[in-house]
Amino acid sequence: NNDDLDVKSKTPKNVLFHGLYFNQQGDRAILEIKSYDNKDRWIALVDFNDRKLIELEHQHDKAWIGGPGISGWNGVSGDMGWMKDGESIWFQSEESGFSHLYILNVINKKKTQLTKGDFEVRDVRLSEDGKIFYLTLNKEDNGNRNFYHLQWEKKKLIPILKSKGNYEVRVSPDEKKILYRYSYKNSPWELYTCNNEPDAVVKQISSSVTDEFKSYSWRAPDIINVKGMDGVDVPARLYLPSVDKENGAAVIFVHGAGY
C-alpha cells in the first residue's frame, strides 16, 4: 500500500510488480504494477532516497485492462521503456479508445500522445539513436498489420511494409535490415527479408507449403462487418459457396474471451 499511488478502491488491491526498468544513465528506474483483478495498471517512478513509489500513469478499465502493448493478463508486462534523455519514458495506453503510443516526462509529468486515430499500435521498438520508433499498425484496415517508421520529433510516419496482410517484424542489430513473417487471407506464414527502408527489394527465404497445397485455389474471403447488440461493427470473414452449391445454410464461428 502506497499513498502516492492513486488506488481508486476503498480497500487495498493485490498487485504484481514488473521491473525494475532503469534508464541508460542508471539514475532512474520505473516499475509496472498490475492488479490481480486485471482492472488496473500503474507505471511508477522509484524514489530510492525516500523508499517510495511516485505514480506516473494509472490506467483503469472496469471490465479488464489490456490491449496491444498493455497486455491482457496481470502476469505479463506491458511494453514500455526509457527515451535517450533518461528523463522520459514511452508506453502505450487505451485512454483514447485505441492503444496508442505516448511519451511522459518523469520530472514534470508532461505526457505527449505520439500516435492518434482509429487504429492500434503493436510491437514497439525504439531505435538505438532514439529518433525512430519501429511500429506495427493496423492503420489502413482492421485486419492488416503493416510496418512503419515513426520519426517522433518530426511527427512523420513512414510506411515500410505496405501490402495488405499481416507482418511480424524483427529489426537487425545494426538496424539496416529487417526479417519478417508475412501472411495473407489465403496464404500461410513465410519468412522474408529486405533493407529497413521504404520500397526495398524483398527476398523470400522460406517456402513451407507442399506442391499439393499450391495446386489448390485457396479463396480469399470477403471482409464484412456484423453489427453487434451494442451497435459496434464486428469485422468478420465471409466465405461464399459457388452458385451451384447455394442452399441457404451457413456455418458461423464465433470467437470471444469475454473482454
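See the structure shown above.
Every residue gets a number counted from 1 within its own chain, in the order that chain's sequence is written. Restriction of local features to residues with pLDDT of at least 70 applies here, the model being predicted, together with a cutoff of 80 or more for giving and counting side-chain atom pairs; totals for whole chains, interfaces and linings are based on all residues. As a convention, hydrogens and water are excluded, and side-chain values are obtained from all of the structure's heavy atoms.

Visitor: Whenever I open this one, the environment of D85 confuses me. Can you help?
Guide: Within the element layout of this structure, D85 appears in the loop between β5 (80–82) and β6 (88–93). Residue classification places D85 among the partly exposed residues on the basis of a relative accessible area of 42%. Throughout this description, a polar contact denotes any pair of N or O atoms lying within 3.5 Å of each other; where both atoms belong to protein, one of them has to be capable of donating a hydrogen while the other can accept it, and for residues adjacent in sequence the pair is counted only when both atoms sit in side chains. Here S88 takes part through its backbone nitrogen, which lies 3.0 Å from a polar atom of the side chain of D85. Helix and strand labels come from DSSP, where a helix needs a run of H or I of at least four residues and a strand needs a run of E of at least two; each type is numbered from the N terminus. Three exposure classes are used, based on accessible area relative to the maximum for each residue type with a 1.4 Å probe and protein chains only: buried under 20%, partly exposed in between, and exposed over 50%.

Visitor: Help me understand the sheet that holds β5 in this model?
Guide: Either a parallel or an antiparallel arrangement is found when strands of a sheet pair, and the pairing is made through backbone hydrogen bonds. Being paired, for any two strands, means DSSP has found at least two bridges between them. Here we have 4 strands laid out as an open sheet, ordered β5-β6-β7-β8, and antiparallel in their pairing. Each edge of the open sheet is held by one strand with a lone partner, namely β5 and β8 (111–113). Averaged over all neighbouring strand pairs, the angle between strand axes comes to 20°, with direction disregarded. Pairing of β5 with β6 involves 3 bridges; the strand directions are antiparallel. Considered in β6, the bridge of G81 is made with W90. Under this scheme, a helix contributes an axis fitted over its contacting stretch, all axes are lines through C-alpha atoms, and angles between N-to-C directions fall in the 0 to 180 degree range.

Visitor: Looking at this model, I keep getting lost on the pattern of salt bridges. Mind explaining?
Guide: Side chains that differ in charge, positive against negative, can pair when their charged atoms come close. Salt bridge, as used here, is a side-chain nitrogen of Lys or Arg placed within 4 Å of a carboxyl oxygen of Asp or Glu. Summed over all chains, the structure comprises 12 salt bridges. Here E57 ties to K111 by a salt bridge, and the two come within 3.2 Å at their closest N and O atoms. You can see E57 sitting in strand β4 (residues 52–60) and its partner K111 sitting in strand β8, a full 54 residues away along the chain. Among the residues examined, E57 registers a relative accessible area of 5% and is labelled buried. Two residues, R125 and E175, come together in a salt bridge whose shortest N-O distance is 3.9 Å. Linking R125 in strand β9 (residues 121–126) with E175 in the loop between β13 (166–171) and β14 (177–184), this pair joins segments that are 50 residues apart in sequence. Residue classification places R125 among the partly exposed positions, given a relative accessible area of 27%. The exposure class of E175 is buried, given its relative accessible area of 13%. Here the salt bridges share partners, and the residues they tie into one network are K13, D37 and D40.

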